[in-house]
Structures are given as structure tokens and as C-alpha cells.
Amino acid sequence: MPDDKSVDEEKAIAEIADRLQERFPDASRESVVDAIEKSRATFADAKVRDFVPVLIEKEAKAHLKGKR
């Protein structure tokens, strides 16, 4: 059974996808999700998870802007 923090993180990731889709309407949902998953892999082993969603969103946004 997942703990509350992992459920909260999953919810935050879903919200990030929605925000990035609004911010980048020309990007396909697939490319938004791909950017998030690539960013998420970067932080997969982070021991402190509190700010991981924020960092994922920042990285994914940079990827969608073409800066990464």
C-alpha cells in the first residue's frame, strides 16, 4: 500500500502535467508527459522528497522550452 507522501507526489505530478499542458498548448500531451518522466527519473533516488515535484516541474518546463 502506498504511503500518503507517494500519493501526494503522484497527485502533484498530475497537476504539473495539467499546468504544463496549459502553458505549452502546442506541445502534445505525450511530449509533456515525456518531459515530466525524464525529469522525474533525475530525482528518482532523492532521499528528501518534499521539493521533488517543484524540481520536476522546473526541469520539464526547461525541456519543453528547448533549453535541455
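Residues numbered from 1 in each chain as written. Predicted model: local features only at pLDDT ≥ 70, side-chain atom pairs only at ≥ 80, totals over all residues. Heavy atoms only, no water.

Caption draft 1: Structural detail: the overall build of the protein chain. Looking only at helices and strands, one finds three helices and zero strands in the protein chain. Walking the protein chain from its N terminus toward its C terminus, one meets helices and strands in the order α-α-α. Over its C-alpha atoms the protein chain spans a radius of gyration of 12 Å, differing by no more than 12% from the 11 Å that the globule rule assigns to 68 residues. Overall size of the protein chain, expressed as C-alpha extent along the three principal axes, is 35 × 20 × 15 Å. A total of 68 residues make up the protein chain; the buried ones form 32% of that total. Counting contacts in the protein chain only where the partners sit at least 6 residues apart, residues at least 24 apart contribute 53% of the total. Approximately 5,000 Å² of the protein chain is accessible, and the part contributed by carbon and sulfur atoms is 53%. For the protein chain, the distance from the average position of its 14 positive side-chain charges to the average position of its 16 negative side-chain charges is 7 Å. (Helix = DSSP H or I, 4+ residues; strand = E, 2+ residues; numbered from the N terminus. Rg over C-alpha atoms; globule rule 2.2 N^0.38 Å. Buried < 20%, exposed > 50% of the residue type's maximum accessible area, 1.4 Å probe, protein only. Contact = heavy atoms within 4.5 Å. Areas by Shrake-Rupley, 256 points an atom, 1.4 Å probe, with all protein chains shown as cover. Lys, Arg positive; Asp, Glu negative; His and termini not counted. Charge placed at Lys NZ, Arg CZ, Asp CG, Glu CD.)

Caption draft 2: Up close: the pattern of salt bridges. What the rule picks out here adds up to six salt bridges. In this structure, the salt-bridge partner of R49 is E9, at a minimum N-O distance of 2.8 Å. One end of the pair, R49, is in the loop between α2 (29-42) and α3 (52-65); the other, E9, is in helix α1 (residues 4-23), with 40 residues separating them in the sequence. Through salt bridges that share partners, E10, E37 and R40 make up one connected network. (Salt bridge = Lys/Arg side-chain N within 4 Å of Asp/Glu carboxyl O.)

Caption draft 3: Here's a closer look at the packing of α1 against α2. Between α1 and α2, whose axes approach to 10 Å, the crossing angle comes to 135°. Taken together, the axes of α1 and α2 lie oblique to each other. Handedness of the crossing formed by α1 with α2: right-handed. Each of E10, I13, I16, A17, D18, L20 and Q21 in α1 lies in contact with α2, whose residues at this interface are R29, V32, I36 and R40. (Axes fitted to C-alpha atoms, helices over the stretch in contact; angles between N-to-C directions. Parallel < 35°, antiparallel > 145°, perpendicular 65-115°, else oblique. Left-handed = near helix turned anticlockwise from the far one by under 90°.)

Caption draft 4: Summary view of the side chain of E57. Here E57 is to be found in helix α3. Excluding its chain neighbours within four sequence positions, the residues that come into contact with E57 are I16, R19 and L20.

Caption draft 5: How the structure looks around the environment of R19. Mapping R19 onto the fold places it in helix α1. Of the residues examined, R19 reaches a relative accessible area of 40% and is grouped as partly exposed. C-alpha of R19 to C-alpha of E57: the two residues are 38 residues apart in sequence and 9.2 Å apart in space.

Limitation: the analysis is restricted to geometry and does not speak to function.
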